[in-house]
Amino acid sequence: MHQAEATVEHNARAWDALARQRVGLTQPARDEELKNPLAVVDPLGWLGGDIAGQRVLCLAAGGGRHGALYAAAGAVVTVVDISGEMLARDRAVAEERNLAIRVLQTSMDDLAGLTDGEFDIVIHPVSTCYVPDARSVLREDARVVRSVGIYISP
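In this text the structure is predicted, and so the values were computed from the model without any measurement.

A. Up close: the sheet that holds strand β5 (residues 145-152). Here five strands make up an open sheet; going across it, the order is β3-β2-β1-β4-β5 and the pairing parallel. Edge positions in the sheet fall to β3 (101-105) and β5, since each of these pairs with one other strand and no more. When the angles between neighbouring strand axes are averaged without regard to direction, this sheet yields 20°. Here strand β2 (residues 76-81) pairs with β3 via five bridges, running parallel. Looking at β3, one finds that Val-77 is bridged to Ile-101. On top of the sheet, helix α5 (residues 84-97) reaches β2 and β3; it is set at about 170° to β3, its chief contact. Its contacts with the sheet place helix α6 (residues 134-144) against β1 (55-59), β4 (119-123) and β5, and it is angled at close to 130° to β5.

B. How the structure looks around α5. For α5, which comprises 14 residues, the first-to-last C-alpha distance of 20 Å matches the rise-based estimate of 20 Å (1.5 Å per residue) to within 8%. Among the residues making up α5, those that are buried are Met-86, Leu-87, Arg-89, Asp-90, Val-93 and Ala-94. One side of α5 holds all its buried residues, which, seen down the axis, span an arc of 145°. Those residues of α5 that are exposed and angled more than 90 degrees off the buried face are Glu-95 and Glu-96. By the N-cap criterion, in which a side-chain oxygen at the helix start approaches the backbone nitrogen of a residue two or three places on, α5 is capped by Ser-83, the distance to Glu-85 being 3.3 Å.

C. Main features of the pairing of β1. A large share of β1 lies buried, amounting to four of its five residues. Two strands pair when backbone bridges link them, and β1 and β2 are joined in this way by five bridges, in the parallel orientation. When the bridges of β2 are listed, Leu-57 appears paired with Thr-78. Crossover β1 to β2 through helix α4 (residues 66-72) is right-handed.

D. Representation of the pattern of salt bridges. The final tally for this structure, using the stated rule, is 11 salt bridges. Two residues, Arg-30 and Glu-33, come together in a salt bridge whose shortest N-O distance is 3.5 Å. By relative accessible area, Arg-30 is classed as partly exposed at 46%. Classification of Glu-33 by relative accessible area gives buried; the value is 8%. For Glu-140, the salt bridge identified is with Arg-143, shortest N-O distance 3.0 Å. Of this pair, Glu-140 and Arg-143 both sit in helix α6, three residues apart, which is roughly one turn of the helix. Beyond isolated ion pairs, a larger network of salt bridges with shared partners links Arg-30, Glu-32, Glu-33 and Arg-65.

E. Molecular detail of α6. Every buried residue of α6 is accounted for by Ser-136, Val-137, Glu-140, Asp-141 and Val-144. Viewed along the axis of α6, the buried residues span an arc of 140°, placing them on a single side of the element. Residues Arg-135, Arg-139 and Ala-142 are exposed on α6 and point more than 90 degrees away from its buried face. Next to the buried residues of α6 lie β1, β4 and β5.

Reading the values: the criteria
- Residue positions are given per chain, counted from 1 along the sequence in the order it is written.
- Only residues with pLDDT of 70 or above have their local features reported here, since the model is predicted, and side-chain atom pairs are shown and tallied only from 80 upward, although totals for entire chains, interfaces and linings are computed over all residues.
- By convention in this description, side-chain values take in all heavy atoms of the structure and omit both hydrogens and water.
- Two strands form a pair only when DSSP identifies at least two bridges running between them.
- Counting from the N terminus, the helices are DSSP H or I runs at least four residues long and the strands are E runs at least two residues long.
- To define axes, lines are fitted to C-alpha atoms, for helices over the stretch in contact only, and angles between the resulting N-to-C directions are given on a 0 to 180 degree scale.
- Between two residues, a contact is recorded if the distance between any of their heavy atoms is within 4.5 Å.
- Multiplying one less than the number of residues by 1.5 Å gives the expected span of a helix.
- Accessibility here uses a 1.4 Å probe with only protein chains present; expressed as a share of the type maximum, an area under 20% marks a residue as buried, one over 50% as exposed, and anything in between as partly exposed.
- Throughout, the arc means that of the directions going from the helix axis to the C-beta atoms.
- Pairing of N or O atoms within 3.5 Å defines a polar contact, subject to two protein rules: one partner must be a possible hydrogen donor and the other a possible acceptor, and residues neighboring in sequence count only if both atoms are side-chain atoms.
- We call a crossover right-handed when, viewed with the strands running away from us, the connection from the first strand over the helix to the second turns clockwise.
- Just to be clear on terms, a salt bridge is a Lys or Arg side-chain nitrogen sitting within 4 Å of an Asp or Glu carboxyl oxygen.

What follows is the structure in structure tokens.
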């Protein structure tokens with residue numbers, strides 16, 4: 001097994017365990033947050049106040065929080081995460097809230113299942129510390145966001 005594959009497997013197991021333990025970063029969006037989702041995810045207004053219909057990729061952001069908030073704001077959401085447990089939370093929240101959220105289990109540095117320029121917005125919480133080469137993640141981000149799209153990594 002290559003080092004990169006071993007890293008992916010290790011991180012997937014670790015995040016699955018954290019999700020089962022329900023630690024803070026694995027908690028889904030709360031009811032009060034879903035009432036005004038853009039105020040939660042975009043308090044500075046960088047997204048212009050309306051993302052209805054925008055194609056949003058929540059990269060390495062499973063757990064039922066980011067995807068749910070963007071979907072509740074009207075975006076067409078895809079969530080990518082390495083953890084099956086985290087993505088199960090996205091599916092559960094989507095079903096409970098009647099939100100359309102597509103999930104894809106893969107590493108953030110391998111987005112082969114997504115097409116070039118597919119997204120208007122890529123949201124990427126700080127997580128590049130989990131891959132051997134952050135440049136591969138940024139290359140994939142640049143590939144899947146459209147040329148005049150937005151990339152946010154808070």
